[in-house]
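# Notes for the structure review
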Amino acid sequence: MGGLTEVARADPDSASDALKKMLAEAQFDSFWVSSIEVALRFIKHVNSLESSVYVDVAFSCGAVVRAGDSLTDTSERDFFYGRSKFLADIYSFIGMDVEGIYLGVGGALLISIGKSVVELQLSQEDLEQDGSVWEVKVDVRKPHPLPFPASVACVATGGGEYVLAISS
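So, here is what we can say about the structure in this document.

What counts, and where the lines are drawn
- Residues numbered from 1 in each chain as written.
- Predicted model: local features only at pLDDT ≥ 70, side-chain atom pairs only at ≥ 80, totals over all residues.
- Heavy atoms only, no water.
- Helix = DSSP H or I, 4+ residues; strand = E, 2+ residues; numbered from the N terminus.
- Buried < 20%, exposed > 50% of the residue type's maximum accessible area, 1.4 Å probe, protein only.
- Polar contact = N/O pair within 3.5 Å; in protein donor to acceptor, adjacent residues only side chain to side chain.
- Contact = heavy atoms within 4.5 Å.
- Core = buried A, V, L, I, M, F, W, Y, C linked by side-chain atoms within 4.5 Å.
- Pairing = 2+ DSSP bridges.

Another aspect to go through is the side chain of E119. Topologically, E119 is positioned in strand β9 (residues 116-121). Take E119: its relative accessible area is 12%, and that puts it in the buried class. Of the polar contacts made by the side chain of E119, one reaches the side chain of R66; its length is 2.7 Å. Apart from the residues lying within four places of it in its own chain, the contact partners of E119 are G62, A63, V64, R66, A108, L109 and L110.

Quick look at the nonpolar core now. Judged by nonpolar contacts, the single largest core of 43 residues is most densely connected at L23, V57, F59 and W134. Here this core takes five residues from helix α1 (residues 12-23), the largest share from any one element.

Here nine bridges tie strand β3 (residues 38-46) to strand β4 (residues 51-59), and the two strands are oriented antiparallel to one another. Residue pairing for β4: V38 is matched across the bridge by F59. In textbook terms, the turn of a hairpin is the stretch between consecutive antiparallel strands, and for β3 and β4 this stretch comprises four residues, one of which, E50, has a positive phi near 55 degrees. Where β4 and strand β10 (residues 130-139) come together, six bridges link them in antiparallel fashion. Paired with V57 across the strands is V136, a residue of β10.

This is the structure in structure tokens:
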């Protein structure tokens, strides 16, 4: 993105409000995968810009899809098995709108799409790392003022805890 950004620790309410502004009514467009990280791409129409921006949700933690009473439960299986099941499930959401976004207990991020919920879950192993566990960020090709922050992240401190950070 370039330029200087201001990063600040955020309380859960501020982070939740920022996430809602960034993803409310955004449309799930695509996803990509590396060996460790997954990124979900959404298209967000911004009325004040009279155009759309990409909003990416990148994460290295575990993720599940909850659909009604069913759950893609991968807690007792291999990480990569769980990731492959998640990707198969998330594919069907392409073209659907975000209906809600919530911060859960322990740094979890929940994104409601259609009648399902995508939940990014932090494990104790995630919290022992030092760095971002998940991040929601705007992919801006041309600099212009946004009516919401540039990113919100859940950052592990390496000591079994996490902080929420907002950058503008």
